[in-house]
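# Descriptive analysis of the structure
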Amino acid sequence: MLAHQDIAKVLVVDLDGRPLTPCSPEKAQQNVNDRLARLDESGVLHLNYRPLAHRRIYRQVQRRDGRICAWCGGLGSTLDHVIPICWGGSTTLDNCVVACRACNHSRNNALPSTFLRWTGYRPTHPVIRAIVDHEAQHLVDVEMILDRKPLASCATREEAQVWVAYHAQTGAWSRPDPQEEPMTHVKPDAPPFTQYFVP
Ligand SMILES: [Zn+2]
């Protein structure tokens with residue numbers, strides 16, 4: 001029996017025809033089933049979104065923010081979606097900041113207001129402030145944005161999956177319920193972080 005890695009890989013390209021990491025036939029079929037890609041006659045998988053855009057947006061956000069975590073002021077090394085992708089957040093300059101791994105990982109899919117309540121952070125980053133100060137409205141607005149934005153603008157698989165679920169209009173728009181336990185790894189009784197982002 002062939003080991004999994006010995007099975008022929010499927011060539012994968014993004015919407016611009018730029019090559020991405022090849023994948024297994026099973027994964028390729030899964031992408032087609034999920035409406036995230038199509039297979040052409042030659043067996044090449046064409047993604048319906050642009051994962052390479054993630055790197056481009058991250059570079060732009062880094063140029064704007066430097067390498068400072070917008071939440072805690074520590075050394076930032078990741079791109080963080082302020083409205084998380086599963087809540088409908090997009091990979092855009094007005095929804096992304098630089099974050100350290102600890103903040104990005106510990107917040108997980110929690111809304112920014114929840115994360116601030118649990119951590120005691122007081123970020124002054126304008127992107128975070130603009131969203132946190134009107135968070136309920138932003139959660140309404142994401143649906144308008146999802147109405148308008150093309151699948152092609154999605155920069156991550158999860159973002160594309162949310163787009164497909166939303167546009168499928170099958171009730172599959174599985175945004176988290178705000179009443180549910182916030183999805184974060186921060187323990188409610190964890191002591192507040194001591195380092196604040198000073199303007
Ligand atoms: Zn941080």
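This one's a predicted model, so the numbers in the text were calculated from it and none came from an experiment. (Residues numbered from 1 in each chain as written. Predicted model: local features only at pLDDT ≥ 70, side-chain atom pairs only at ≥ 80, totals over all residues.)

## Notes on unusual backbone geometry
Heads up, the condition is: Elements are defined by DSSP. Helices are runs of H or I of four residues or more, strands are runs of E of two residues or more, and each kind is numbered from the N terminus. Counting other C-beta atoms within 10 Å of a residue's C-beta gives its exposure: the residue is buried at 20 or more, exposed at 12 or fewer, and partly exposed in between, where C-beta atoms are placed from the backbone.
Of note, Arg 35 is a non-glycine position whose phi angle comes to about 65°, a positive value. In this fold, Arg 35 is placed in the loop between helix H1 (25-33) and strand S3 (37-39). Phi is positive for Asn 108, close to 55°, though the residue is something other than glycine. As for its position among the elements, Asn 108 is in the loop between helix H3 (101-107) and helix H4 (112-119). On the neighbour-count criterion, Asn 108 (14 C-beta atoms within 10 Å) is partly exposed.

## Considerations on the nonpolar core
Rule in force here: Nonpolar cores are built from buried Ala, Val, Leu, Ile, Met, Phe, Trp, Tyr and Cys residues. These are joined into a set through C-beta atoms within 7 Å.
Ranked by size, the top nonpolar core spans 22 residues in total, and within it Cys 69, Ala 70, Trp 71, Val 82, Val 97, Val 98 and Ala 99 carry the most contacts. Those elements that provide at least two residues to this core are strand S6 (96-99) and helix H5 (126-132). Residue contributions to this core peak at four residues, all from S6. Of all hydrophobic cores here, the second largest spans 13 residues; its members include Val 12, Cys 154, Ala 155 and Trp 163.

## Side note on the sheet that holds strand S1 (residues 10-13)
Operational definition: At least two DSSP bridges between two strands are required for those strands to pair. A fitted line through C-alpha atoms serves as each axis, taken over the contacting stretch for helices, and the angle formed by two N-to-C directions is quoted from 0 to 180°. Any two residues are considered in contact once their C-beta atoms, placed from the backbone, lie within 7 Å.
Pairing in this open sheet of four strands is mixed, and the strands run S2-S1-S4-S3 from one edge to the other. Looking along the sheet, the strands with just one partner apiece sit at the ends: strand S2 (19-23) and S3. When strand polarity is set aside, the average angle formed by the axes of neighbouring strands in this sheet is 25°. Here two bridges tie S1 to strand S4 (residues 45-47), and the two strands are oriented parallel to one another. In the strand pairing of S4, Val 13 is matched with His 46. Each of S1, S2, S3 and S4 is contacted by H1, which is oriented at about 120° to S3, the strand it contacts most.

## Brief notes about the confidence of the model for the chain
To keep it simple, the criterion reads: Scored from 0 to 100, pLDDT reflects the predictor's confidence in each residue.
Residue-level pLDDT values for the chain average 86, and 82% of them are 70 or greater. Under a pLDDT of 50 for its full length, residues 191-199 has, in the predicted model, 20 contacts with residues more than four places off or in other chains.

## A short note on the environment of Arg 175
Relative to the assigned elements, Arg 175 resides in the segment after helix H7 (157-168). Contacts of Arg 175, omitting those with residues within four sequence positions, involve Cys 86, Trp 87 and Gly 88.

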